[in-house]
Amino acid sequence: MSLTYWCPAALTADGWREAVSIAVDATGRIDRVEAGARRDGATVLGGPVVPGMANLHSHAHQRAMTGLAERASRRGDSFWTWREAMYRTVERVQPDQLGAIARQLYVEMLKAGYTSVGEFQYLHHDVDGKPYHDPAEMTLQCLAAAMATGIGFTALPVLYRYGGFGAAAANEGQRRFVNDVDGFARIVERLIAETRGNPDAAVGIAPHSLRAVSGELLDEALAAVGDRAAVVHIHIAEQRREVDDCIAFCGRRPVEWLAQHVNLDERWCLVHATHMTADETRRVATSGAVAGLCPTTEANLGDGFFNAADYLAAGGAFGIGSDSQVSVSPVEELRWLEYGVRLSTGTRNALASDDTPHTGQSLFDRALAGGARALGRRTGSIEVGARADFLVLDGEHPRLYARRGPALVDSWIFSGNDNPVRDVFVGGRQVVEAGRHPREEPIARDYRRALDQLNA
Ligand SMILES: [Zn+2]
């Protein structure tokens, strides 16, 4: 059965159009888009429609610890002390608890306007470090949470092996993460089997970082499962210490090493490419790889400023992620991406593209395209062949009232914090109605129970 929606205005692949009808086939794919259309027989959407955003980098379990690492310790705090606090949380999370946390998180994402998520999941094994009966248990919990809440999902099972550069032994806090290539391939194969034929799911792979995966291991993993993976994600150059350690180990910077070692192309997503030289910036920007930017987490962890102005000027692709879940809002990620440039350069609107002078619209468009590329699924555009993942905004909302087209997106990104996302559709199916998810109450109850158990 196919469905036809009609809306007063929509951000289509050809830009903003008025009186748009969007037909969706039985599989959840857009099969017709028509501007200047009549509303007869269509389901009328009560506001301007934009494509749903991809959240390309999420660690679901970190939702359970937001706010808990904001207390100063006497020895001074950094990314590395935050990581110790995070390890203390993940030490005890059971599969059903992870499922409950992920369901709560994914409802929050949908309500904020994210319609797909890349789950970069490195928590694989039981609390004692032994594999579960099902090797993909923890990532399958996230997949099930995605399907239960209705968000599109790209599984990014993580290969984690070492505690630092030079194949340093993993520490006790990392025992639930560690796999060899065989163990990792079993997880990947299991996820591929589980998502086969599911148009709302895909499977990529995520060698964690050059700290946790050696060059030899990266080669082995790519040889074993690289061809089966839709995309390849890696944390790269997030922290200065990581860059310094990499140089001390091999004489090269992480991005420099990776660009020389693998064929960087559209399948790659470099998460937090925060510390790049001008040459690295140009190189990644012209490779087709996506920079996975998570400005609120990068701010929270004190990572530093990504050189967005030069990267975007060189044509670089990027998408956004909620990463540590300190903020679950595409608006806040895009706003802070631009504000980072303003604060560090003393200029404004440096990230508007050649296509449009509207900074909010420009950032939104490029994050849609980069996010879809990084998650290996045809989303992020209202056009024939794409998944019918879209948001209906409340055009009467004070943040958006009297704004049209690109000015409406600018106002959404750069004003206030109330959420004007009214309705959310994924694969043509409505998952948020008037700002509410139909299952949000039982999901919140399960989340509270999981937190009570974890805190007991
Ligand atoms: Zn991350």
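Numbering of residues starts from 1 in every chain and runs along the sequence as written. Given that this is a predicted model, residues contribute local features only at a pLDDT of at least 70 and side-chain atom pairs are listed and counted only at 80 or more, while totals for whole chains, interfaces and linings are drawn from all residues.

The next subject is the overall build of the chain. Broken down by element type, the chain carries 14 helices and 17 strands. Note that the radius of gyration is over C-alpha atoms, with the globule rule given as 2.2 Å times the number of residues to the power 0.38. Its C-alpha atoms give the chain a radius of gyration of 21 Å, within 12% of the compact-globule value 23 Å for 456 residues. Summarising its shape, the C-alpha atoms of the chain cover approximately 65 × 50 × 45 Å along the three principal directions. Taking all 456 residues of the chain together, 54% fall into the buried category. A separation of at least 24 residues holds for 74% of the contacts in the chain among residues at least 6 apart in sequence. The secondary structure listing takes helices from DSSP runs of H or I that are at least 4 residues long and strands from runs of E that are at least 2 residues long, numbered from the N terminus. A residue is called partly exposed when the number of other C-beta atoms within 10 Å of its own lies between 12 and 20, exposed at 12 or fewer, and buried at 20 or more, with C-beta atoms placed from the backbone. Two residues qualify as a contact pair if the distance between their C-beta atoms, derived from the backbone, is within 7 Å.

Turning to the packing of helix H2 (residues 95–112) against helix H14 (residues 440–455), a few remarks are in order. Here, axes are lines fitted to C-alpha atoms. For helices the fit covers the stretch in contact, and angles between N-to-C directions go from 0 to 180 degrees. For the pair H2 and H14, the least separation of the axes is 8 Å and the interaxial angle reads 135°. Here H14 runs oblique to H2, going by the angle between their axes. Both H2 and H14 take part in a crossing whose hand is left-handed. Here Gln97, Ala100, Ile101, Arg103, Gln104 and Val107 of H2 come into contact with H14, specifically with Glu440, Ile443, Ala444, Asp446, Tyr447, Arg449, Ala450, Gln453 and Leu454. Tallied by class, the residues present in the contact of H2 with H14 amount to eight nonpolar, three polar and four charged. Each angle gets one of four labels, with under 35 degrees taken as roughly parallel, over 145 as roughly antiparallel, 65 to 115 as roughly perpendicular, and the rest as oblique. Here a crossing is taken to be left-handed if its near helix is turned anticlockwise relative to the far helix by less than a right angle, and right-handed if that turn runs clockwise. Here the nonpolar group is Ala, Val, Leu, Ile, Met, Phe, Trp, Tyr, Cys and Pro; Asp, Glu, Lys and Arg are the charged ones; every other residue, Gly included, is treated as polar.

Further remarks concern the nonpolar core. Formed by 137 residues in total, the largest nonpolar core has its most connected members in Tyr106 and Leu270. A total of 10 residues in this core trace back to one element, the largest contributor, which is H2. Among the domains, domain 1 (3–50 + 383–440) and domain 2 (53–375) are the pair contributing at least three residues each to this core. Remark: nonpolar core denotes a set of buried Ala, Val, Leu, Ile, Met, Phe, Trp, Tyr and Cys residues whose joining runs through C-beta atoms within 7 Å. Just so you know, the domain bounds were taken from an automatic or database domain assignment.

Here we come to the pairing of strand S13 (residues 290–293). Where a strand is regular, its side chains alternate between the two sheet faces. What you see with S13 is no split at all: Val290 and Gly292 on one side and Ala291 and Leu293 on the other are buried throughout. The pairing of strand S12 (residues 268–271) with S13 spans three bridges and is parallel. Within S13, the residue paired with Leu270 across the bridge is Ala291. Consider the strands pointing away from the viewer: the crossover is right-handed when the path from the first strand over the helix to the second runs clockwise. The parallel pair S12 and S13, bridged by helix H8 (residues 278–285), forms a crossover whose chirality is right-handed. Strand pairing requires that DSSP identify at least two bridges connecting the strands. Bridging between S13 and strand S14 (residues 317–320) involves four bridges; their strand directions are parallel. Paired with Val290 across the strands is Ala317, a residue of S14.

Turning to the environment of Gly76, a few remarks are in order. Looking at where Gly76 falls in the secondary structure, it is placed in the loop between strand S6 (53–58) and helix H1 (79–90). The exposed category is assigned to Gly76, around which 7 C-beta atoms lie within 10 Å. It is 31 Å that separates the C-alpha atoms of Gly76 and His125, two residues lying 49 residues apart in sequence.

What follows concerns the packing of helix H4 (residues 181–195) against helix H5 (residues 215–225). Running from N to C, H4 and H5 cross one another at 35°; their axes reach a closest spacing of 10 Å. The interaxial crossing formed by H4 with H5 has right-handed handedness. Side by side, H4 and H5 meet where Val181, Phe184, Ala185 and Val188 of the first sit next to Leu217, Glu220, Ala221, Ala224 and Val225 of the second. Here the contact of H4 with H5 is built from residues that sort into eight nonpolar, no polar and one charged.

The domains assigned to the chain are domain 1 (3–50 + 383–440) and domain 2 (53–375). Once you take the C-alpha centre of each, domain 1 and domain 2 turn out to be 28 Å apart. Contacts between the two partners involve 23 residues from domain 1 and, on the opposite side, 23 residues from domain 2. Within the residue set of the side of domain 1 that touches domain 2, elements represented by two or more residues are helix H13 (405–413), strand S16 (421–426) and strand S17 (429–432). Per-element tally for the side of domain 1 that touches domain 2: the top contributor is H13, with six residues. Counted by class, the side of domain 1 that touches domain 2 contains 12 nonpolar, six polar and five charged residues.

What follows is about unusual backbone geometry. Positive phi outside glycine occurs at Ala402, with the angle close to 70°. Here Ala402 is to be found in the loop between strand S15 (390–393) and H13. The exposure class assigned to Ala402 is exposed, which follows from the 9 C-beta atoms found within 10 Å. Positive phi outside glycine occurs at Ala434, with the angle close to 50°. Tracing the backbone shows Ala434 in the loop between S17 and H14.

So, about the pairing of S12. Residue alternation in S12 divides its side chains into two sets, Trp268 and Leu270 and Cys269 and Val271, and both sets are buried. In this structure, strand S11 (residues 232–235) lies alongside S12, joined through four bridges in parallel fashion. When the sheet's bridge partners are listed, His235 is paired in S12 with Val271.

Quick look at helix H12 (residues 359–375) now. Each residue after the first adds 1.5 Å to the expected span of a helix. For H12, with 17 residues, the first-to-last C-alpha span of 24 Å sits near the 24 Å given by 1.5 Å per residue. Burial analysis of H12 places 16 of its 17 residues in the buried class, the great majority of the element. Among the residues trailing H12, Gly376 stands out with phi positive, at a value near 65°.

Along the chain, Thr89 falls in helix H1. Thr89 sits in the partly exposed class, given 16 other C-beta atoms within 10 Å. Sequence separation between Thr89 and Gly28 is 61 residues, and the spatial gap between their C-alpha atoms is 37 Å. If we skip the residues at most four places from it in the chain, Thr89 touches Ala64 and Met65.

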